[in-house]
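The chain contents come next:
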Amino acid sequence: SGKLSCDFLILATGFNVNPLENQELKNFSSNIRLFKDTLKNTNKLGNFPDLGPHFQFQEKIQGITPFLKHIYCFNYGALISHGLTSSAIDPLSVGARRLTQGIAADFFLEEIENYIQQFQSASVD
C-alpha cells in the first residue's frame, strides 16, 4: 500500500490477459483498448489488449491516459496482437528485439526536440 515513485517498473503479471482485472492497472484499466472495443463477436478473445507495435498499451479514448504508451505488455496478453513472440520459447527473441527496439525508439522520440536543439547549437570546428 502507498505510493511508489520510480523511473522504470517491470511487473510479472502471469497469464491473466484481461487488464481490467489486473490490480496494478486498476486505476486506469478502463481506458486500455481491448479487442472487443474495436472488433465484433470476439468472445473470449475480446479481453486481450489491443497493443501497439512495440507491445505498448493503447488508449480506448485518446488523450485520457496518454501514459499508457509507456506501459508494455510482454506476456501471454500480447498473443492476439503479436502472435507467439512473447509467450513461446522459439519466437521469444524476435519479440524481445521488437520490444527493446520499440522502447529505445520511444525514449529517443521523447527527447527528439532536445536532440535537435543540441545539434543545431553545436559549433562545428
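Residues numbered from 1 in each chain as written. Predicted model: local features only at pLDDT ≥ 70, side-chain atom pairs only at ≥ 80, totals over all residues. Heavy atoms only, no water.

**Q** For this particular structure, what's the right way to read the overall build of the chain?
**A** A count of helices and strands for the chain gives four helices and zero strands. Ordered by position in the sequence, the α and β elements of the chain form the string α-α-α-α. The buried share among the 125 residues of the chain stands at 29%. Sequence separation of at least 24 residues holds for 48% of the intrachain contacts in the chain that already meet a minimum separation of 6. In the form shown here, the chain has an accessible surface area of approximately 9,000 Å², with 56% of it arising from carbon and sulfur atoms. (Helix = DSSP H or I, 4+ residues; strand = E, 2+ residues; numbered from the N terminus. Buried < 20%, exposed > 50% of the residue type's maximum accessible area, 1.4 Å probe, protein only. Contact = heavy atoms within 4.5 Å. Areas by Shrake-Rupley, 256 points an atom, 1.4 Å probe, with all protein chains shown as cover.)

**Q** Explanation requested: the pattern of salt bridges in the structure shown.
**A** Proximity of charged atoms lets side chains of opposite charge pair with each other. Considering all chains together, one arrives at two salt bridges under this definition. Salt-bridge contacts for Arg33 lead to Asp50; the nearest nitrogen and oxygen are separated by 3.1 Å. Of this pair, Arg33 sits in the segment before helix H1 (35-38) while Asp50 sits in the loop between H1 and helix H2 (79-82), and the two are 17 residues apart along the sequence. Of the charged contacts in the structure, one is a salt bridge between Lys60 and Asp37, with a shortest N-O distance of 3.8 Å. With Lys60 in the loop between H1 and H2 and Asp37 in helix H1, this residue pair connects regions lying 23 residues apart in the sequence. The exposure class assigned to Lys60 is partly exposed, which follows from its relative accessible area of 37%. Classification of Asp37 by relative accessible area gives partly exposed; the value is 34%. (Salt bridge = Lys/Arg side-chain N within 4 Å of Asp/Glu carboxyl O.)

**Q** Is there a simple way to explain the packing of aromatic side chains in this structure?
**A** Two numbers describe a pair of aromatic rings. These are the distance of the centres and the angle of the planes. For the structure on display, the rule yields four aromatic pairs. Between Phe55 and Phe74 the ring centres are 5.0 Å apart and the planes differ by 80 degrees, which places this aromatic pair in the edge-to-face class. Of this pair, Phe55 sits in the loop between H1 and H2 while Phe74 sits in the loop between H1 and H2; the two residues are 19 residues apart in sequence, bridging distant segments of the chain. Looking at Phe55, the relative accessible area reads 0%, which means it is buried. (Phe/Tyr/Trp six-rings, centres within 6.5 Å; stacked < 30°, edge-to-face > 60°.)

**Q** What exactly am I supposed to notice about a nonpolar patch on the surface here?
**A** Taken together, the side chains of Phe108, Leu109 and Tyr115 present a nonpolar region at the surface, about 310 Å² in accessible area. Following the sequence through the fold, Phe108 ends up in helix H3 (residues 92-110). Judged by its relative accessible area of 43%, Phe108 is partly exposed. (Patch = residues over 30% accessible without salt bridge, like charges linked within 9 Å, V, L, I, M, F, W, Y side chains within 5 Å.)

**Q** What should I look at first to understand the environment of Thr65 in this one?
**A** Its location among the elements puts Thr65 in the loop between H1 and H2. Through-space distance from the C-alpha of Thr65 to that of Phe28 is 7.3 Å; in sequence the pair is 37 residues apart. There is a polar contact of 2.8 Å between the side chain of Thr65 and the side chain of Asn31. (Polar contact = N/O pair within 3.5 Å; in protein donor to acceptor, adjacent residues only side chain to side chain.)

**Q** Even after reading the chapter, I still don't get the side chain of Ser29, so can you show me in this structure?
**A** You can see Ser29 is positioned in the segment before H1. Once residues within four sequence positions are removed from consideration, Ser29 is found in contact with Pro19 and Leu20.

**Q** When you look at the environment of Lys60 in this model, what are you seeing that I'm missing?
**A** Taking the C-alpha atoms as reference, Lys60 lies 7.5 Å from Asp37; in sequence the two are 23 residues apart. Once residues within four sequence positions are removed from consideration, Lys60 is found in contact with Ser30, Asn31, Ile32, Arg33 and Asp37. Within the structure, the side chain of Lys60 is placed 3.0 Å from the backbone oxygen of Ser30, a separation counted as a polar contact.

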